[in-house]
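# Overview (structure and organization)
Here are the chains, one letter per residue:
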Amino acid sequence: MRLIRSTEQRLSELFAAGEVPGFIHLSIGQEAVATGVMAALTAADTIASNHRGHGHCLARGVDLAGLFAEIMGKDSGLCRGRGGSMHVADVQVGMLGANGIVGAGIPLATGSALAHQVRDTGGVAVAFFGDGALAEGVLHESMNLAALWKLPLLLVCENNGWSEFSPAERQFRAKPLELAAAFGIPAEQVNGNDVFAVAEAATRLRVQAVGEGPCLLECITERVRGHYEGDSQRYRADQPGRDLVDPLTECRERLRRLRVSAAQIDATDAEVEQLVEAAVAQARASPPARFADAAADVYTKLPTMST
């Protein structure tokens, strides 16, 4: 969780300094969801992320320097700088990719769940999406298909209360658990700021998804920053004194009750800061992605057929 927070804060600084091209959407405040869900998964599992997906990637274990390089448009990036913030992928750790289209990762995860079922891998596919995707038809279609075929699919809704610039209740009439019930999909709601609660619920639902079919986990959390970096957030003018819950503070207090010393936690924080700065330095030293290579790996060369 500290790695995600420190990475996102550093990316905010890099973006402000003009070192990050395009847009970035930070997951500050939502670290417990990514960390808790990934703690419940196995190496066989696959993940489809969304536009706010840096935390998912880090919690899954992608290379830190490769992530920074990718977001900074460098050739040493995970996708050689061609994807950027909203299209990070690393199939070596099961990251099928982030996605800049709302809800577009859900059918990819559904297809991956079918592959797990057909190949009998014992794995699950996980689709992360926000409350803004609840009105997307592709979610409803994927839920229907997964329920019909009893696919090992875990749908994780990070409900931060905002569909881009609109309150969630003005975007979609039903609640996530009600939507899941319409398709006969078991669902749970959990405090998305409590990493222990998220991990416990995700562990239960992962087992259930493998044995019985799709499940949905709604994590109630907070989007601390704007929809994107640079968002003026005028739509939040009526919430000047909102009381935010910091998942890192909550976790620290829980660890202290479990007799983890403050010195141990502080040492972890310091170690993470060093890792982040080293990754940034490595990314900065990498050459930029080459425009001439932009079309590489898009098409597969067909073998020459003998006559």
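Details of the structure are given in the entry above.
Residues numbered from 1 in each chain as written. Predicted model: local features only at pLDDT ≥ 70, side-chain atom pairs only at ≥ 80, totals over all residues. Heavy atoms only, no water.

### As for the overall build of the protein chain
Secondary structure assignment for the protein chain yields 10 helices and 8 strands. A globule of 307 residues ought to have a C-alpha radius of gyration of about 19 Å, and the protein chain, at 20 Å, matches this closely. Residue burial in the protein chain is summarised as follows: out of 307 residues, 48% are buried. Approximately 14,800 Å² of the protein chain is accessible, and the part contributed by carbon and sulfur atoms is 53%. In the protein chain, which carries 28 positive and 37 negative side-chain charges, the distance between the mean positions of the two groups comes to 1 Å. (Helix = DSSP H or I, 4+ residues; strand = E, 2+ residues; numbered from the N terminus. Rg over C-alpha atoms; globule rule 2.2 N^0.38 Å. Buried < 20%, exposed > 50% of the residue type's maximum accessible area, 1.4 Å probe, protein only. Areas by Shrake-Rupley, 256 points an atom, 1.4 Å probe, with all protein chains shown as cover. Lys, Arg positive; Asp, Glu negative; His and termini not counted. Charge placed at Lys NZ, Arg CZ, Asp CG, Glu CD.)

### Section: helix α8 (residues 195-212)
Between its first and last C-alpha, α8 extends 25 Å over 18 residues, near the 26 Å set by a 1.5 Å rise per residue. The set of residues buried in α8 consists of Val-195, Ala-197, Val-198, Ala-199, Ala-201, Ala-202, Leu-205, Arg-206 and Ala-209. Tucked inside the fold, the buried residues of α8 contact α2 (31-39), β4 (153-159), β7 (187-191), β8 (215-220) and α9 (247-257). N-cap assignment for α8: the residue whose side-chain oxygen lies 3.0 Å from the backbone N of Phe-196 is Asp-194. Gly-213 occupies a position one or two residues after α8 and carries a positive phi of about 125°. (Expected span 1.5 Å × (residues − 1). Contact = heavy atoms within 4.5 Å. Polar contact = N/O pair within 3.5 Å; in protein donor to acceptor, adjacent residues only side chain to side chain.)

### Some points on the side chain of Asp-293
Looking at the element boundaries, Asp-293 is found in the segment after α10 (262-285). If near-sequence neighbours (up to four positions away) are discounted, Asp-293 is found in contact with Arg-80 and Arg-82.

### Description of the packing of aromatic side chains
Scanning the entire structure with this criterion turns up 0 aromatic pairs. It is Arg-254 that lies over the ring of Phe-196; its NZ or CZ is 4.1 Å from the centre. (Phe/Tyr/Trp six-rings, centres within 6.5 Å; stacked < 30°, edge-to-face > 60°. Lys NZ or Arg CZ within 6 Å of the ring centre and 35° of its normal.)

### Things to note about the nonpolar core
Formed by 46 residues in total, the largest nonpolar core has its most connected members in Val-37, Phe-68, Val-126, Phe-128, Val-156 and Leu-217. Every residue in contact with Val-126, bar those within four places of it in the chain, is listed here: Val-37, Leu-41, Thr-46, Ile-47, Ala-48, Ala-109, Leu-154 and Val-156. In terms of nonpolar packing, the next biggest core, distinct from the first, is built from 21 residues, Ala-127, Leu-151, Cys-157 and Phe-172 among them. (Core = buried A, V, L, I, M, F, W, Y, C linked by side-chain atoms within 4.5 Å.)

### Regarding the sheet that holds β7
Pairing is parallel across the open sheet formed by 6 strands, whose spatial order is β2-β1-β3-β4-β8-β7. Two strands lie at the open edges of the sheet, namely β2 (95-97) and β7, each paired on one side alone. Strand-to-strand twist across the sheet, computed as the mean angle between neighbouring axes with direction ignored, equals 20°. In terms of strand pairing, strand β3 (residues 125-130) meets β4 through 6 bridges, oriented parallel. Residue pairing across strands places Gly-130 opposite Glu-158, the latter belonging to β4. In the packing of α8 onto the sheet, the strands contacted are β4, β7 and β8, and the crossing angle to β8 comes to about 170°. (Pairing = 2+ DSSP bridges. Axes fitted to C-alpha atoms, helices over the stretch in contact; angles between N-to-C directions.)

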